[in-house]
Amino acid sequence: MDNPPLAVEMRGIVKRFPGVLANDQVDLRVAPGEVHALLGENGAGKSTLMNILAGLYRPDAGEIRLNGQRVEFRSPKDAIAAGIGMVHQHFMLVESQTVAENVILGLDEPRFVLDMGKVADQIATMAEGYGMAVDPHARIWQLSVGEQQRVEILKALYIGANILVLDEPTAVLTPQEAEQLYATVARLAGEGKSIIFISHKLSEVSSAAHKVTVLRGGRVVGT
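Residues numbered from 1 in each chain as written. Predicted model: local features only at pLDDT ≥ 70, side-chain atom pairs only at ≥ 80, totals over all residues. Heavy atoms only, no water.

A. Spotlight on the packing of aromatic side chains. Enumeration according to the criterion identifies one aromatic pair in this entry. Aromatic pair Phe17 and Tyr57: ring centres 5.3 Å apart, planes at 70°, arrangement edge-to-face. With Phe17 in strand 1 (residues 8-17) and Tyr57 in the loop between helix 1 (46-53) and strand 4 (61-66), this residue pair connects regions lying 40 residues apart in the sequence. The exposure class assigned to Tyr57 is partly exposed, which follows from its relative accessible area of 31%. (Phe/Tyr/Trp six-rings, centres within 6.5 Å; stacked < 30°, edge-to-face > 60°. Helix = DSSP H or I, 4+ residues; strand = E, 2+ residues; numbered from the N terminus. Buried < 20%, exposed > 50% of the residue type's maximum accessible area, 1.4 Å probe, protein only.)

Right under this line is the structure:
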């Protein structure tokens with residue numbers, strides 16, 4: 001019986017910046033329903049690799065396959081359309097707007113045809129289902145940093161992300177919030193979503209990940 005295709009397969013990824021070889025023939029394979037940590041010190045090439053997957057950078061060499069199909073992303077919009085959502089370390093939220101308004105920002109549907117009450121109800125149901133309590137009517141400036149991160153995750157899920165990339169997700173969280181995040185990640189993986197999280201903390205990786213790929217100096221040293 002054939003094995004099902006991998007959710008994400010990055011093969012031979014190379015990315016150069018002036019004076020720096022950030023990714024040097026990097027391979028990464030992530031299965032559906034897998035929590036996969038990218039571990040390495042600052043400058044190892046973790047964020048560069050994930051920015052390529054999220055469409056922010058284009059690789060100089062190598063290829064990306066999603067569910068066995070080769071893809072090329074010219075922009076983050078292409079990656080989002082392919083089901084990839086990335087939560088960056090520095091959140092991209094509009095502080096003066098509500099949670100619900102932030103979640104639908106960037107959707108193709110014109111704002112005036114959306115029933116915001118219905119959107120808020122959908123977000124509240126989704127938040128409760130994943131154990132991410134947040135008030136859809138609250139404005140971003142009223143929320144804690146941990147709650148703002150939940151909004152970013154909900155935003156990715158609302159637009160249909162099946163592959164979720166979390167960049168150093170616990171760096172801004174209290175220990176209790178980190179535990180809540182691990183529980184959310186486990187629920188998402190249980191639904192078959194693939195989670196890739198960037199980390200340099202060994203303890204965090206052992207708490208949350210099924211698999212770990214270690215990067216050093218832009219190269220994979222082990223999985």
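B. Quick peek at the packing of helix 4 (residues 116-129) against helix 5 (residues 145-158). Running from N to C, helix 4 and helix 5 point in directions that differ by 110°, and their axes come no closer than 11 Å. With respect to helix 5, the axis of helix 4 lies roughly perpendicular. Between helix 4 and helix 5, the contacting residues are Val119, Gln122, Ile123, Met126 and Ala127 on the first element and Leu154, Leu157 and Tyr158 on the second. Grouping the constituent residues of the contact of helix 4 with helix 5 by class yields seven nonpolar, one polar and no charged. (Axes fitted to C-alpha atoms, helices over the stretch in contact; angles between N-to-C directions. Parallel < 35°, antiparallel > 145°, perpendicular 65-115°, else oblique. Contact = heavy atoms within 4.5 Å. Nonpolar A, V, L, I, M, F, W, Y, C, P; charged D, E, K, R; others polar.)

C. Geometry of the sheet that holds strand 3 (residues 35-39). The six strands are arranged 6-7-8-3-9-10 in an open sheet whose pairing can be described as mixed. The outermost strands of the open sheet, each flanked by one partner alone, are strand 6 (84-87) and strand 10 (219-222). Each adjacent strand pair in this sheet contributes to an overall mean axis angle of 25°, direction not counted. For strand 6 and strand 7 (residues 163-167), the ladder comprises four bridges, and the chain directions are parallel. Residue pairing across strands places Ile84 opposite Ile163, the latter belonging to strand 7. (Pairing = 2+ DSSP bridges.)

D. Inspection of the pattern of salt bridges at higher detail. Under the criterion given, the structure shown has seven salt bridges. The salt bridge involving Arg11 is made with Glu9; its shortest N-O contact spans 3.1 Å. The exposure class of Arg11 is partly exposed, given its relative accessible area of 33%. Notably, a salt bridge pairs Arg11 with Glu63, separated by 3.0 Å at the nearest N-O pair. Here Arg11 is found in strand 1, whereas its partner Glu63 is found in strand 4, with 52 residues between them in sequence. Salt bridges sharing common partners tie together Glu9, Arg11, Arg29, Glu63, Arg65 and Arg70. (Salt bridge = Lys/Arg side-chain N within 4 Å of Asp/Glu carboxyl O.)

E. Representation of unusual backbone geometry. Although it is not a glycine, Asn67 adopts a positive phi angle of roughly 50°. Within the secondary structure layout, Asn67 lies in the loop between strand 4 and strand 5 (69-71). Residue Asn67 is classed as partly exposed on the basis of its relative accessible area of 47%. In this structure, Glu168 is a non-glycine residue whose phi angle is positive, near 45°. With respect to the helices and strands, Glu168 occurs in the loop between strand 7 and helix 6 (175-190). Residue class for Glu168 comes out buried when judged on its relative accessible area of 8%.

F. Region of the structure containing the nonpolar core. With 39 residues, the main nonpolar core has Val99, Val151, Ile153, Leu164 and Leu166 as its most contacted residues. Those elements giving two or more residues to this core turn out to be strand 3, helix 3 (99-104), helix 4, helix 5, strand 7, helix 6, strand 8 (194-199) and helix 7 (202-208). In terms of residue count, helix 6 provides more of this core than any other element does, six residues in total. For Ile153, the contacting residues outside a window of four places in its chain are Val87, Met132, Leu164, Leu166 and Leu181. Val26, Ile64, Ala79 and Ile196 belong to the second largest nonpolar core, which has 26 residues in total. (Core = buried A, V, L, I, M, F, W, Y, C linked by side-chain atoms within 4.5 Å.)

G. Highlighting the side chain of Lys155. One can find Lys155 in helix 5. Buried charge Lys155 goes without a salt bridge, the closest partner of opposite sign being Glu152 at 5.1 Å. At a separation of 3.3 Å, a polar atom in the side chain of Lys155 contacts the main-chain carbonyl oxygen of Asn102. Those residues within four positions of Lys155 in sequence are excluded, and the remaining contacts are Met92, Asn102, Val103 and Leu105. (Lys, Arg positive; Asp, Glu negative; His and termini not counted. Polar contact = N/O pair within 3.5 Å; in protein donor to acceptor, adjacent residues only side chain to side chain.)

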